[in-house]
Amino acid sequence: MDRKIEKKFWSRKRILIISGGSLVVLLLLYNLIFADHRSRLNVEKDKITVSTVTKGTFDQYIAVTAVVQPLKTIRLDAIEGGYVSQKYLEGGSMVKQGDSILRLENQRMQMEFMNHETEMYRLINELQNTRLSLKQNRFTMEKTLADLNYKIEQAKDLYDRNKQLVDEKIVARQEFNKNKMEYEGLVKQREIEIESQRYQEENARLQIQQLEGTIARTQRNLQMMRENLNNLIVRAPISGQLSSVNVEVGSSITTGQNIGQIDDLNGFKMRAEVDEHYISRVFSGLKATFEFNGKTYELTVTKAFPEVTNGRFNVDMNFTKETPEGIRRGQSSPIRLELGKSSEAVLLPVGGFFSDTGGNWVYVLDKGGKRAVKRNITLGQKNPVFFEVLEGLNPGDQVITSSYENFGDKEVLVF
């Protein structure tokens, strides 16, 4: 009779199925736990810039463009206003101190000068007349006093004689009293005349003193007005180059208006525009270097202007030792402006990546050079060539320093 054959539980087919399923589960678990799920982007390596992180000396400096300017520039401002009647020199001319540049006309000032001059002559004539009158009055008063003295002597003589005769009753008492009153009246009149003459002379002297003071003040005013009239001729205050004259014949000039400038060519300085980011780090005394005709010259910051225009401020620098020969006003050249002492640091070359990441992270190549992975970093100071690396990178690391604009937010770049 037939015998029932029982099937084996671990048949080859079942083993294959279970093995295959287990393998799939293991692959899924591995992929879930251990696989790299970071976003990737394929990149052509020849289209990026890779730089090596190094350790070396970090120089704190910035590169700025400076323009050669005269060491001293004198502004020509009109001391007095008027209209331009003559223009003797044009911009670009060489001038010597005292040379005439412009002549202005001001009829109001000329009229005021003539009026004051006429007033001074009137005062001088009045002073002379007062002095003459004082002399004439003195002669008149002396004559009057002499006449009174003569009359007093006559009256005194008659009084003395009648005094004796009245006692002897030769002269009547009434006659004597009359002579006495006349004598005493003349004496009193003399005292009054002396006092009057003294008052008149003091008054005349006071008038003379006041007139002399008025004339002295008028003369000083005239001198000032004469100087102001002389200022209508604009002259060169120093020798140098008249770089500009901003007016033409017939132009109306107001007091204090700038009409040009003169450059002192006995020395030069460099003026640079610096980004406002460095305004707190740039001050007088900082050093800079300047290359001209293959030779390096040292500069020292003499003034940092606090005014910021369009995100930049001006800095003046003087040559520390010698001034380059052949340098000309208006030439521009790059300047290396030192901001501090050099120090040892980990260095990352400057690149376009910074504008995309702000220096907070970079793509670092792995050892095989087949891919680059995003890494957080911390950067310190910057000069035109390097960033100072504070954290996140080590010497020898390969970093993509070109722009990250086309990488989006990918975490891994594959080459």
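Residues numbered from 1 in each chain as written. Predicted model: local features only at pLDDT ≥ 70, side-chain atom pairs only at ≥ 80, totals over all residues. Heavy atoms only, no water.

### Some points on the overall build of the chain
At step 1: Check the secondary structure of the chain and you find 4 helices and 22 strands.
At step 2: Within the span of the chain, comprising 415 residues, buried residues form 31% of the whole.
At step 3: Contacts in the chain between residues far apart in sequence, at least 24 positions, make up 77% of those at least 6 positions apart.
At step 4: In the structure as shown, the chain presents an accessible area of about 27000 Å², 50% of it carried by carbon and sulfur atoms. (Helix = DSSP H or I, 4+ residues; strand = E, 2+ residues; numbered from the N terminus. Buried < 20%, exposed > 50% of the residue type's maximum accessible area, 1.4 Å probe, protein only. Contact = heavy atoms within 4.5 Å. Areas by Shrake-Rupley, 256 points an atom, 1.4 Å probe, with all protein chains shown as cover.)

### Quick word on the packing of aromatic side chains
At step 1: Evaluated as defined, the whole model comprises 11 aromatic pairs.
At step 2: Between phenylalanine 353 and tyrosine 404, the aromatic rings sit 6.2 Å apart at their centres with planes inclined by 35°, giving tilted as the arrangement. With phenylalanine 353 in helix H4 (residues 353–357) and tyrosine 404 in the loop between strand E21 (398–400) and strand E22 (412–414), this pair connects stretches of sequence that are 51 residues apart. Each member of the pair phenylalanine 353 and tyrosine 404 is classed as buried.
At step 3: Members of the aromatic cluster, joined through ring pairs, are Phe353, Phe354, Trp361, Tyr363, Phe387, Tyr404 and Phe407.
At step 4: Over the ring of phenylalanine 415 we find lysine 45; its NZ or CZ atom is 5.4 Å from the centre of that ring.
At step 5: Looking at arginine 336, its charged tip hangs above the ring of tyrosine 61, at a distance of 3.7 Å from the centre. (Phe/Tyr/Trp six-rings, centres within 6.5 Å; stacked < 30°, edge-to-face > 60°. Lys NZ or Arg CZ within 6 Å of the ring centre and 35° of its normal.)

### Remarks on the sheet that holds strand E7 (residues 100–105)
At step 1: Read across the open sheet, the 4 strands follow the order E8-E7-E5-E10; overall the sheet is antiparallel. Across the chains shown, the open sheet's two edge strands, defined by having one partner strand only, are strand E8 (233–235) and strand E10 (252–253).
At step 2: Sheet analysis places strand E5 (residues 82–87) next to E7, joined by 4 bridges and oriented antiparallel. Bridging across to E7, glutamine 86 finds its partner in arginine 103. (Pairing = 2+ DSSP bridges.)

### Here we look at the pairing of strand E13 (residues 295–304)
At step 1: Here strand E12 (residues 287–292) pairs with E13 via 6 bridges, running antiparallel. The residue bridging phenylalanine 290 from the neighbouring strand is tyrosine 297, located in E13.
At step 2: Taking the residues between adjacent antiparallel strands as the criterion, E12 and E13 are bridged by 2 residues, where asparagine 293 takes a positive phi near 55°.

### Points about the nonpolar core
At step 1: Membership of the largest hydrophobic core comes to 25 residues, with the highest contact counts inside it found for Met270, Val282, Phe290, Met317, Ile335 and Leu337.
At step 2: Elements supplying a minimum of two residues to this core: strand E4 (61–77), strand E11 (258–275), E12, E13, strand E14 (312–319) and strand E15 (332–338).
At step 3: Those residues within four positions of valine 282 in sequence are excluded, and the remaining contacts are Val274, Ala304, Phe313, Val315, Leu337 and Leu339. (Core = buried A, V, L, I, M, F, W, Y, C linked by side-chain atoms within 4.5 Å.)

### Observations regarding the sheet that holds strand E3 (residues 54–58)
At step 1: Pairing is antiparallel in the open sheet, where 4 strands are placed in the order E3-E16-E20-E19. Each edge of the sheet is formed by a strand with only one pairing partner; in this case those strands are E3 and strand E19 (378–382). Geometrically, the sheet is characterised by an average inter-axis angle of 55° between neighbouring strands, direction not taken into account.
At step 2: As paired elements, E19 and strand E20 (residues 386–391) share 3 bridges and run antiparallel to each other. What sits directly across from leucine 379, in E20, is valine 389. (Axes fitted to C-alpha atoms, helices over the stretch in contact; angles between N-to-C directions.)

### Focus: unusual backbone geometry
At step 1: With a phi close to 55°, asparagine 293 is a non-glycine residue in the positive phi region.
At step 2: One can find asparagine 293 in the loop between E12 and E13.
At step 3: Accessibility expressed as a relative area gives 66% for asparagine 293, which makes it exposed.
At step 4: Backbone geometry places asparagine 310, a non-glycine residue, at a positive phi of 55°.
At step 5: Locating asparagine 310 in the fold gives a position in the loop between E13 and E14.

### Quick notes on the environment of glycine 260
At step 1: Among the secondary structure elements, glycine 260 is positioned in strand E11.
At step 2: Among the residues examined, glycine 260 registers a relative accessible area of 2% and is labelled buried.
At step 3: Considered as a pair, glycine 260 and aspartate 77 are 183 residues apart in the sequence and their alpha carbons are 7.3 Å apart.
At step 4: Those residues in contact with glycine 260 that sit more than four places away from it in its chain are Ile74, Arg75, Leu76, Ser244, Val245 and Asn246.

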